[in-house]
Amino acid sequence: MTYILAIDSGNSFVKWGLFNHGCCLKLGKIQYDNIQNIKYDFKDLQAPESIIISHVARAATKNQICEQISRWPVKPHWIRSRAFQCGVFNSYSNPTQLGCDRWASLIAAWEMQRQACLVINIGTAVTIDALSESGEFLGGIILPGFHLMLNSLQRDTQLFNASMSTYEEFPNSTNSAIQSGMIHAVIGAIERMYNLLSMKINHPVKASIISGGGVSLLSPFIKIPIKTIDNLVLKGLILIAEDSF
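Residues numbered from 1 in each chain as written. Predicted model: local features only at pLDDT ≥ 70, side-chain atom pairs only at ≥ 80, totals over all residues. Heavy atoms only, no water.

S.K.: Hey, could you go over the overall build of the chain for me, with residue numbers and the actual values?
M.R.: Scanning the chain from N- to C-terminus turns up 7 helices and 12 strands. Its C-alpha radius of gyration of 19 Å places the chain within 12% of the 18 Å reference for a compact globule of 245 residues. Based on the C-alpha atoms only, the size of the chain along its principal axes is roughly 60 × 45 × 30 Å. Just so you have it, the chain exposes about 12100 Å², and 51% of that area is on carbon and sulfur atoms. Side chains of the chain give 20 positive and 18 negative charges; the mean places of these two sets differ by 3 Å. (Helix = DSSP H or I, 4+ residues; strand = E, 2+ residues; numbered from the N terminus. Rg over C-alpha atoms; globule rule 2.2 N^0.38 Å. Areas by Shrake-Rupley, 256 points an atom, 1.4 Å probe, with all protein chains shown as cover. Lys, Arg positive; Asp, Glu negative; His and termini not counted. Charge placed at Lys NZ, Arg CZ, Asp CG, Glu CD.)

S.K.: Tell me about the sheet that holds strand β1 (residues 3-9), and please be specific about residues and values.
M.R.: In spatial order, the strands read β3-β2-β1-β4-β5; together these 5 strands make up an open sheet with mixed pairing. At either margin of the open sheet sits one strand with a lone partner, and together these are β3 (23-31) and β5 (77-78). Sheet analysis places β1 next to strand β4 (residues 50-55), joined by 6 bridges and oriented parallel. Paired with Ala6 across the strands is Ile52, a residue of β4. Across the face of the sheet, helix α7 (residues 232-244) comes into contact with β1, β2 (13-20), β3 and β4 while running at roughly 135° to β1. (Pairing = 2+ DSSP bridges. Contact = heavy atoms within 4.5 Å. Axes fitted to C-alpha atoms, helices over the stretch in contact; angles between N-to-C directions.)

S.K.: Explain the packing of helix α4 (residues 146-156) against helix α5 (residues 174-201) to me, using residue names and the numbers behind them.
M.R.: Put simply, α4 and α5 touch, their axes get as near as 10 Å, and they point 130° apart. On the basis of the axis angle, α4 is oblique to α5. As α4 runs across α5, the sense of the crossing is right-handed. Touching Phe146, Met149, Leu150 and Leu153 of α4 are Ile178, Met182, Ile183, Ala185 and Val186, all from α5. (Parallel < 35°, antiparallel > 145°, perpendicular 65-115°, else oblique. Left-handed = near helix turned anticlockwise from the far one by under 90°.)

S.K.: Residue-level account of the sheet that holds strand β7 (residues 88-90), with values.
M.R.: Taken in spatial order, the 7 strands of this open sheet run β6-β7-β10-β9-β8-β11-β12, and their pairing is mixed. One side of each edge strand has no neighbouring strand; the edge strands of this open sheet are β6 (84-85) and β12 (226-228). Relative to strand β10 (residues 136-144), strand β9 (residues 125-131) runs antiparallel, the two sharing 7 bridges. Looking at β10, one finds that Ala125 is bridged to Pro144.

S.K.: So what about unusual backbone geometry? Which residues, and what values?
M.R.: Not every positive phi belongs to a glycine, and Cys86 is a case in point at roughly 50°. When you line up the elements, Cys86 lands in the loop between β6 and β7.

S.K.: Provide a residue-level description of the environment of Leu106, including the pertinent values.
M.R.: Within the element layout of this structure, Leu106 appears in helix α3 (residues 100-113). Each C-alpha atom, one on Leu106 and one on Ala6, is 16 Å from the other, the two residues being 100 residues apart in sequence. Apart from the residues lying within four places of it in its own chain, the contact partners of Leu106 are Val88, Leu98, Val119, Asp129, Leu131 and Phe137.

S.K.: Go over the layout of surface pockets with me, naming the residues and quoting the values.
M.R.: Considering only enclosed or pocket space, the largest pocket measures out at about 820 Å³ in volume. Every residue lining the largest pocket is counted, 36 residues in all, and those nearest its centre are Asn11, Ile122, Gly123, Thr124 and Ala125. The set of elements that each furnish at least two residues to the lining of the largest pocket consists of β2, α3, β8 (117-122), β9, α4 and α7. (1 Å grid on protein atoms, 1.4 Å probe; cavity = no way out; pocket = protein on both sides within 12 Å on 5 of 7 lines; lining within 4 Å. Points joined across faces, edges and corners; volume = space filled by probe spheres on them.)

S.K.: Give a detailed account of the packing of aromatic side chains, specifying residues and quantitative values.
M.R.: The full count for this structure, using the stated rule, is 5 aromatic pairs. Summarising the aromatic geometry, the rings of Phe42 and Trp72 are spaced 5.3 Å apart at their centres and angled 55° between planes, so their arrangement reads as tilted. With Phe42 in helix α1 (residues 38-42) and Trp72 in the loop between α2 (59-69) and β5, this pair connects stretches of sequence that are 30 residues apart. In this structure Phe42 comes out as buried when scored by relative accessible area, which is 1%. (Phe/Tyr/Trp six-rings, centres within 6.5 Å; stacked < 30°, edge-to-face > 60°. Buried < 20%, exposed > 50% of the residue type's maximum accessible area, 1.4 Å probe, protein only.)

S.K.: Could you give an account of the pairing of β1, with specific residues and numbers?
M.R.: Across the 7 residues of β1, 7 count as buried, placing the element largely inside the fold. Residues Tyr3, Leu5, Ile7 and Ser9 line one face of β1 and the alternating positions Ile4, Ala6 and Asp8 line the opposite face, and both faces are buried. Bridge count for β1 against β2 is 7 bridges, and the pairing is antiparallel. Each bridged residue has a counterpart across the sheet, and for Ala6 the counterpart in β2 is Gly17. Here β1 folds back onto β2 in antiparallel fashion, the turn holding 3 residues.

And the structure:
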C-alpha cells in the first residue's frame, strides 16, 4: 500500500493528511506557533512512503517541520509552482513566483471542475484565482483576510478597540460597520472577478470553488454558483504527488 503524507504549511496553520490511493485516512491541523506539538500527531501515524509539502510560512516553521518528519526515512518533496502540471498551465510571467499553495489549489480545482472557474481561498490572505476553460491559470488577486483587515484598523487608526460583530446592510455601530465592510470588500472582489471571468469566456461561469477557514463567515452572502471544498491544498498536493512519484 502507498501512504502519502501531505502537509499544507500556511500563514497561520499547518494542516496535514495521510492518504492512501487518494483516500484520506487521517487529518490534522495545528497553529504554526505550536508546530512542535505535531510530534504527538505523528507519533502513532502509519509511516508514509512519500511526503509532499506546500510551504508559504516562515523559515523557522519549515525547519520545525523538517525536524518532525525526520522520524521517517523519507526525503520530502517541497513543491514549487511550475509552468505546467497536472493539466494546468501557469500564465504567471515567472511561474515559480506563484504561491505553491495557490498552485496546489488550482490543480485540485481543475481536477474537480474541468471547466472555467474561480478558485477562492479565504485564509489569513484571500486569494481569488481564475482558471480558463482549457485549464489555464489566467491570473488572480490577493487581498487581506478578515483578521489582517481588523488588525490593520486596530494598529493604524484610532479604532483601538475595534472587533468583529455582526453584518448589517446599514450598520449603526462601529463594530458592525467594520464587519460589514470586511464582508463587502471580499464579496465585492469575488463578484468582480466572477464578472471578469464570465466576460473573458463569453458566458457565465457555471461553478467555482471556495475553501479556507473564513468560508462560513462569507457563505450567507455569496450569490454566485459555488462549491465549498475543505482542504483544497491537500487535495492538490496528492494529485501532484501521484503525478510526480
